[in-house]
Amino acid sequence: MRTLRTRYLLLLLLFVGIFGGLLHTAWPFLFYPRQNLSFSFPVQPIAADASTAKAGIAERDITPPAGIPKFGYSAWAKDADGFRTRLKARAFYLKSPGQIPLAIVQLDLGSGSLVLRHRVAELISDHTDVPAHAVTLLVTHTHSGPGQYLGSDFYNVFGSNRPGFDPALFEFLSQRIADAVINAYESRREARFAVGQSDLFGVTRNRSIEAWTNNFPERDPTNADPMQAVNPTMTLLRIDQRQGDHFVPSGALSLYSIHGTAIPPFTRPYHADVWHWISDELESEMAGNNPQFIHGAAQATHADNNPAWKENLRGDLEAERIGRALGKHALRLFDSLESQLTDNLTTAIASRQLDLLDDIDTGRFGLCERAIAGASVAGAANGDEVFPVSYLPFMKEGWPRRVFTDNCQGVKQWMLSKLQLLLPAERFPHQALFQIVRINNLILVPLPWEITLESGNRLRQAVASTLPEGTDWKVEISSLANGYFGYAVTPEEYALQYYEGGHTLYGPHTLDFLIQQSEGLSRELQQQGDINDIPAQQTFSLLSREYFPDSLAGPGTRRWLNEPRRHDGDATTGPYWSLLLEAEPANQLTLDRPLLAVHCDNGVMISDDSAELQLRHQQDTDKRRGHYEVRWYPATPSPSGSCRFSVSANQQQPVLSAPLP
């Protein structure tokens, strides 16, 4: 009898768990209000300009306040409690007389967003000559940035640790990004340009080597080297601007294939991951010639290429080691392009927005009629396994369906089986923007999918086949640009149903569709010139929830609460100094402006724009004050002489701490 009661109890607990999980999943779709976003894009004529090619470059801080859910690790993420590195928007304006001006923006965000791109295009229309279809948002795919700004309910609900589209956060990001583009336009000057590529191995590894080797039946998977099965190519655009009677290095836009996951799940502060140091290394080296030098680094074909962190050391120090190695490589590539600089600039862009739920005139090429998430998505990717989910049957990697495979999704194990069909197809991402961008001999293919190594190779080859002979074309794919549709794997990779295959929402022929669309759009661009195939009027309806503070107050009274203390730290962070700060509560503290610094007697000042200073919210008191821990991770070698923490305040002078012993 006791055994029978125990079985009934276990069954009841299982039923309650399943019901609770389904209710938790369905809750936002049943009860959250909707936010409607409408966009209108007027036709802009090409403005007459001077007879020289021009470029403008600008940067804005886009770090939101604390308390925002973070995108990338889904349920394994945590609300942000501060920052370790700031998040940036770096805008590049390019214009040659009589040609389409371009605005390309690199963002320290986890994903592109079609609604974000559209809003930025709207905001800049009255202040620049950039037409709406010539705006491109490239991202780093850091997993330590905010969520809740994407263009589909599916990823606003499931991509972060809490659900819903946040209109205020969306507008904050839009305004800051648009401001960067406008400033780049207003600061445009005569410029010279060069494009180059160079390979770097040793900083990435293939996290799904078995799926990759399935592309090559002749290979023995046991002998495949994950450190070689990567895209090692860095692509870099160098820009020098005129200052007086000469030109000075002013900026660079680079692309490389590496996941923004050197900072692990459950980490709370905002963090640009390896990308902070990739940008910083080149910017710091160039600061002697031009303190305003800007380096924006964004994704290429990274989907199965993880940072090659050392085992058990994943964290800040490994992110810095890998990022600086890539930054030094960018510096060498940048320097090598000096002799190739030219004042000739040819720009062109083809933009086409497709609704994947509609009949597509050019054909679907096997693309499924609606999106379905695979069970292996819950199992997580290699390197981010979570016990026991990642080891359960159907959810673990390499567990394709063996029966009932005659539907469009083929061997994919469906998450929640047929229950997933209760979620309307419109709630998944379905409005996709395809672009082909030409900058001299660089052909950039921004796509809103995470592209695996071999998928990128096939895409690159297809686009290259459309280009005229006689030019040293450099073709690169940029993942996650302008939106997010999950992954795009090869049919061979899809067959094994690793995480990347399970997260290929529109089925095993997604890559075939991307190849045909990108190849066709590139050919049209060569034949017809500029293409604007984006609907002039659009409306999106998104489940919404507010996380962004109602208002951010100006700096109130701020004070240090104790004496600086030194800590040994651990193998992932290294030693640091800490101090407790009292300031505004977390929902009123602005994080996108200068706040903290370390001042040393020898004149050295370390700002919180570096990765050396960290701010973490601890608690708010009943007197509506916030308590924060401030950390300083001194660089090697650390400054000589006595140093003090400082925090900005209402007074003209910052509030200084006691000297560090």
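This is a predicted model, so every value here is computed, not measured.

Asks: Honestly, the overall build of the chain in this entry has me stumped. Any pointers?
Replies: When its secondary structure is counted, the chain shows twelve helices and 31 strands. Taken against the 2.2 N^0.38 rule, which gives 26 Å for 661 residues, the C-alpha radius of gyration of the chain at 25 Å falls within 12% of a compact globule. Principal axes of the C-alpha set define a box for the chain whose edges measure 75 × 70 × 50 Å. Relative to its 661 residues, the chain shows a buried fraction of 59%. For the chain, contacts bridging at least 24 residues in sequence account for 79% of all contacts bridging at least 6. Put simply, the chain shows about 26300 Å² of open surface, and 51% of that area lies on carbon and sulfur atoms. For the chain, the centre of its 58 positive side-chain charges and the centre of its 73 negative side-chain charges are spaced 6 Å apart.

Asks: Looking at this structure, I do not really get the side chain of Asp-316. What am I missing?
Replies: Structurally, Asp-316 is set in helix α7 (residues 316-336). You can call Asp-316 buried: its relative accessible area is 13%. Within the local environment of Asp-316, its side chain forms a polar contact with the side chain of His-271, the two groups lying 2.9 Å apart. The contact partners of Asp-316, leaving out residues within four places of it in the chain, are Arg-84, Ile-263, His-271, Trp-277, Thr-572 and Thr-573.

Asks: Just checking my understanding: could you explain the side chain of His-329 for this structure?
Replies: Relative to the helices and strands, His-329 is located in helix α7. Non-local contacts of His-329, meaning those with residues more than four positions away in its chain, are made with Ser-198, Asp-199, Leu-200 and Met-234.

Asks: Could you clarify how one ought to interpret the environment of Val-248 in this entry?
Replies: Here Val-248 lies in strand β12 (residues 246-256). The class for Val-248 is buried, based on a relative accessible area of 8%.

Asks: Any chance you could explain the sheet that holds strand β17 (residues 442-446) here in plain terms?
Replies: For sheets, the rule is that strands pair by backbone hydrogen bonds, running either parallel or antiparallel. Taking strand neighbours across the sheet as the criterion, the five strands line up as β19-β17-β16-β15-β21 in an open arrangement whose pairing is mixed. Every interior strand has two partners, whereas the edge strands, β19 (474-478) and β21 (531-533), have only one. Between one strand and the next, the sheet's axes are offset by a mean angle of 15 degrees, whatever the strand orientation. Judged from the three bridges that link them, strand β15 (residues 347-355) and β21 form a sheet pairing that is parallel. Residue pairing across strands places Arg-352 opposite Asp-533, the latter belonging to β21. The strands that helix α9 (residues 453-464) touches are β17 and β19; relative to β19, the one it contacts most, it runs at about 135 degrees. Contacts between helix α12 (residues 510-528) and the sheet are confined to β15, β16 (431-439), β17 and β21, with β16 contributing the most and set at about 45 degrees to the helix.

About the criteria used
Residues numbered from 1 in each chain as written. Predicted model: local features only at pLDDT ≥ 70, side-chain atom pairs only at ≥ 80, totals over all residues. Heavy atoms only, no water. Helix = DSSP H or I, 4+ residues; strand = E, 2+ residues; numbered from the N terminus. Rg over C-alpha atoms; globule rule 2.2 N^0.38 Å. Buried < 20%, exposed > 50% of the residue type's maximum accessible area, 1.4 Å probe, protein only. Contact = heavy atoms within 4.5 Å. Areas by Shrake-Rupley, 256 points an atom, 1.4 Å probe, with all protein chains shown as cover. Lys, Arg positive; Asp, Glu negative; His and termini not counted. Charge placed at Lys NZ, Arg CZ, Asp CG, Glu CD. Polar contact = N/O pair within 3.5 Å; in protein donor to acceptor, adjacent residues only side chain to side chain. Pairing = 2+ DSSP bridges. Axes fitted to C-alpha atoms, helices over the stretch in contact; angles between N-to-C directions.

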